[in-house]
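# Close look at the chain arrangement
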Amino acid sequence: MNKQTIRGVATISFYAADHEAAKQWYTELLGMAPYFDVPGYAEFRIGDYQHELGIIDSRYAPPGATNGPAGAVLYWHTDDLKGTLDRLIALGATEYQPITERGHGFVTASVTDPFGNILGIMYNPHYLNILESKTAAAAGS
């Protein structure tokens, strides 16, 4: 069996100084409570592949971690980019990058959540193609 070095997103971790407020904010955004919740850590399972989003009390951040936007942006697929961006802003996020056409049907935007984390959203035709092929394969088996 050929083992791949990187296979997919397992858990995305966001830090928040006000852990309780962050849990409530993401509960409101996602329309669900975390499935796992202990002092200092809460985790949500999101979307078609049940990707994990962990909200961690910033007391547990590694040394040297920033307390503002930095590093890579992970983009979550959404079928309604504008509506999702509008909802994020209505919930108190601030625009980090406006809606941007990337070509070939890919469109992105990002916000900074009220806790300083960058949350990327995008319309991604590749995501939909993969989801469709997996759904078709499951129906054929």
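The paragraphs below set out a description of the structure included in this document. As the structure is a prediction and not an experimental result, all values here were calculated from the model. (Residues numbered from 1 in each chain as written. Predicted model: local features only at pLDDT ≥ 70, side-chain atom pairs only at ≥ 80, totals over all residues. Heavy atoms only, no water.)

### A look at helix α1 (residues 19–30)
With twelve residues, α1 ought to run about 16 Å at 1.5 Å a step, and its terminal C-alpha atoms sit 16 Å apart, in line with that. At its buried positions, α1 is contacted by β1 (11–16), β2 (36–38), β3 (41–46), β4 (51–57), α2 (81–90) and β8 (118–123). Of the residues one or two after α1, Gly31 is the one with positive phi, at around 75°. (Helix = DSSP H or I, 4+ residues; strand = E, 2+ residues; numbered from the N terminus. Expected span 1.5 Å × (residues − 1). Contact = heavy atoms within 4.5 Å.)

### Considering the packing of aromatic side chains
Applying the stated criterion to the full structure yields six aromatic pairs. Ring geometry for Trp25 and Tyr26: centres 4.8 Å apart, planes at 75°, overall edge-to-face. A relative accessible area of 1% means that Tyr26 is categorised as buried. Judged by centre distance (6.2 Å) and plane angle (75°), the ring pair of Trp25 and Phe115 falls under edge-to-face. Placement of the pair is Trp25 in helix α1 and Phe115 in the loop between β7 (106–112) and β8, with a sequence separation of 90 residues. The pair formed by Trp25 and Phe115 is uniform in burial state, with each residue classed as buried. Three or more aromatic residues joined by ring pairs form one cluster here, namely Phe14, Trp25, Tyr26 and Phe115. (Phe/Tyr/Trp six-rings, centres within 6.5 Å; stacked < 30°, edge-to-face > 60°. Buried < 20%, exposed > 50% of the residue type's maximum accessible area, 1.4 Å probe, protein only.)

### Re the side chain of Ser110
For Ser110, the location among the structural elements is in strand β7. Overall, Ser110 belongs to the buried group, its relative accessible area being 1%. Not counting residues up to four positions away in its chain, the partners in contact with Ser110 are Val73, Glu95, Tyr96, Gln97, Ile118, Leu119 and Gly120.

### Digging into the pairing of β8
Counting buried positions along β8 gives five out of six residues, so the element sits mostly inside the fold. Pairing between strand β5 (residues 75–77) and β8: three bridges, direction parallel. Pairing of Trp76 across the sheet is with Ile121, part of β8. As paired strands, β7 and β8 are joined by six bridges and run antiparallel to one another. Its bridge partner lying in β8, Thr112 is registered against Ile118. Between β7 and β8, which pair antiparallel in sequence order, lie five residues; one of them, Gly116, sits at a positive phi of approximately 95°. (Pairing = 2+ DSSP bridges.)

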